[in-house]
Amino acid sequence: LRELIRERGVTGESVEEFGLGYAPASGDALANFLGREGFAAKVLEASGLVLRRDTGGYYDRFRGRWMFPIANETGRTIAFAGRALGSDQPKYLNSPETPLYTKSRILYNLSRAREAVRKANATLLVEGYMDAIAVGQAGGRNVVASCGTSLTEPQVHMLVRYAPEVVVSYDPDSAGVAATDRSLGLLLVGGMQVRILRLPG
């Protein structure tokens, strides 16, 4: 994990700021810990962090992954994303939707970015967790990520509440270009001023 973090250029300060962590590969470290802490089985299942074994007991949803906490607007952690460290699929594994977490209603990093967004009167919208961390690390504090290639109406409503302008900078690959094009309609209908930042490949 440390080697991957170094390869991606993530600093120790960013690891602390964004709460990045690691899910052990053993498969039951979290389930055992939460069980020892006295959490009821129905609570563990509802959290989406553990899964029930067919033979009884529980195992961890996230195993051998680089972990990204996902917070709501107030900074409360409500879900996680786990990035594979090797060639495991999927590359990113997300918490399932729960009463606390609906992916289409969350913008990654908004709780940290919202004051900077208000100050700049604009939001920089990127595609994924690592994009937001890289921009934040480079000094762009008004950055949020849609965490996928499909911006949603609830996410646009969140953006509108904080600033009238959005700068969209999705990945320069074909999927990112298509996602940018799809997002334009939603953003314009939402009443936002939109600019597109095209990066070289």
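Residues numbered from 1 in each chain as written. Predicted model: local features only at pLDDT ≥ 70, side-chain atom pairs only at ≥ 80, totals over all residues. Heavy atoms only, no water.

1. Section: the pattern of salt bridges
- Taken as a whole, this structure holds 7 salt bridges when the rule is applied.
- Across the pair Arg 141 and Glu 17 runs a salt bridge whose closest N-O atoms are separated by 2.4 Å. With Arg 141 in the loop between α6 (129-137) and β8 (143-145) and Glu 17 in helix α2 (residues 12-17), this pair connects stretches of sequence that are 124 residues apart.
- By relative accessible area, which is 39% here, Arg 141 ends up partly exposed.
- Here Arg 195 and Glu 165 are joined by a salt bridge, their closest N and O atoms 2.6 Å apart. (Salt bridge = Lys/Arg side-chain N within 4 Å of Asp/Glu carboxyl O. Helix = DSSP H or I, 4+ residues; strand = E, 2+ residues; numbered from the N terminus. Buried < 20%, exposed > 50% of the residue type's maximum accessible area, 1.4 Å probe, protein only.)

2. Some thoughts on empty space enclosed by the protein
- Enumeration according to the criterion identifies 1 cavity of 30 Å³ or more in this entry.
- Taken as a whole, the largest cavity holds about 40 Å³ of empty space.
- In terms of lining residues, the largest cavity is bounded by Glu 17, Phe 18, Asn 109, Arg 112, Gly 136, Gly 140, Arg 141 and Val 143.
- When grouped by side-chain class, the residues that make up the lining of the largest cavity number 2 nonpolar, 3 polar and 3 charged. (1 Å grid on protein atoms, 1.4 Å probe; cavity = no way out; pocket = protein on both sides within 12 Å on 5 of 7 lines; lining within 4 Å. Points joined across faces, edges and corners; volume = space filled by probe spheres on them. Nonpolar A, V, L, I, M, F, W, Y, C, P; charged D, E, K, R; others polar.)

3. Looking at the nonpolar core
- Ranked by internal contacts, the top residues of the largest apolar core, which has 25 residues, are Leu 20, Trp 66, Phe 68 and Tyr 108.
- Mapped onto this core, the elements with two or more residues apiece are α1 (2-7), β4 (65-71), β5 (77-84), β7 (122-126), α6 and β8.
- Of the residues forming this core, the biggest block, 4 residues, is contributed by α6.
- Within the second largest apolar cluster, 18 residues are counted, among which are Leu 107, Leu 110, Leu 125 and Leu 187. (Core = buried A, V, L, I, M, F, W, Y, C linked by side-chain atoms within 4.5 Å.)

4. Considerations on the packing of aromatic side chains
- Under the counting rule described, the total for this entry stands at 5 aromatic pairs.
- Each ring, one from Tyr 92 and one from Tyr 129, has its centre 5.6 Å from the other, and the planes form 45 degrees; the classification is tilted. Taken together, the residues Tyr 92 in strand β6 (residues 92-94) and Tyr 129 in helix α6 connect sequence positions 37 residues apart.
- Using a relative accessible area of 5% as the deciding quantity, one classes Tyr 129 as buried.
- Taken together, the aromatic side chains of Trp 66, Phe 68, Tyr 92, Tyr 108 and Tyr 129 make up a single cluster linked through ring pairs. (Phe/Tyr/Trp six-rings, centres within 6.5 Å; stacked < 30°, edge-to-face > 60°.)

5. Concerning the pairing of strand β9 (residues 165-168)
- Covered by surrounding structure in β9 are Glu 165 and Val 167 together with Val 166 and Val 168, the residues of both alternating faces.
- Looking at chain direction, β9 and strand β10 (residues 193-196) are connected through 4 bridges and run parallel. By the bridge assignment, Val 166 is partnered in β10 with Val 194.
- The handedness of the β9 to β10 crossover, carried by helix α8 (residues 174-189), is right-handed. (Pairing = 2+ DSSP bridges. Right-handed = clockwise from strand over helix to strand, strands pointing away.)

6. Side note on the sheet that holds β8
- Taken together, the 4 strands give an open sheet; going across it, the order is β8-β7-β9-β10, and neighbouring strands pair in parallel fashion. Strands with a single pairing partner mark the edges of an open sheet, and in this sheet they are β8 and β10. Taken over all neighbouring pairs, the strand axes of this sheet differ in orientation by 30 degrees on average, direction set aside.
- Direction of pairing for β7 relative to β9: parallel, over a ladder of 4 bridges. When the sheet's bridge partners are listed, Ala 122 is paired in β9 with Glu 165.
- Packed onto the sheet, α6 meets β7 and β8 and runs at close to 170 degrees relative to β8. (Axes fitted to C-alpha atoms, helices over the stretch in contact; angles between N-to-C directions. Contact = heavy atoms within 4.5 Å.)

7. A few points about the environment of Arg 141
- Remark: the alpha-carbon pair of Arg 141 and Glu 115, spanning 26 residues in sequence, is separated by 8.8 Å.
- In contact with Arg 141, not counting residues within four places along its chain, are Glu 17, Ala 113, Ala 116 and Gly 136.
- Polar side-chain contacts of Arg 141 include one of 2.9 Å to the backbone oxygen of Gly 136. (Polar contact = N/O pair within 3.5 Å; in protein donor to acceptor, adjacent residues only side chain to side chain.)

8. Section: the side chain of Asn 142
- Structurally, Asn 142 is set in the loop between α6 and β8.
- Of the residues examined, Asn 142 reaches a relative accessible area of 18% and is grouped as buried.
- A polar side-chain atom of Asn 142 sits 3.0 Å from the main-chain carbonyl oxygen of Ala 122.

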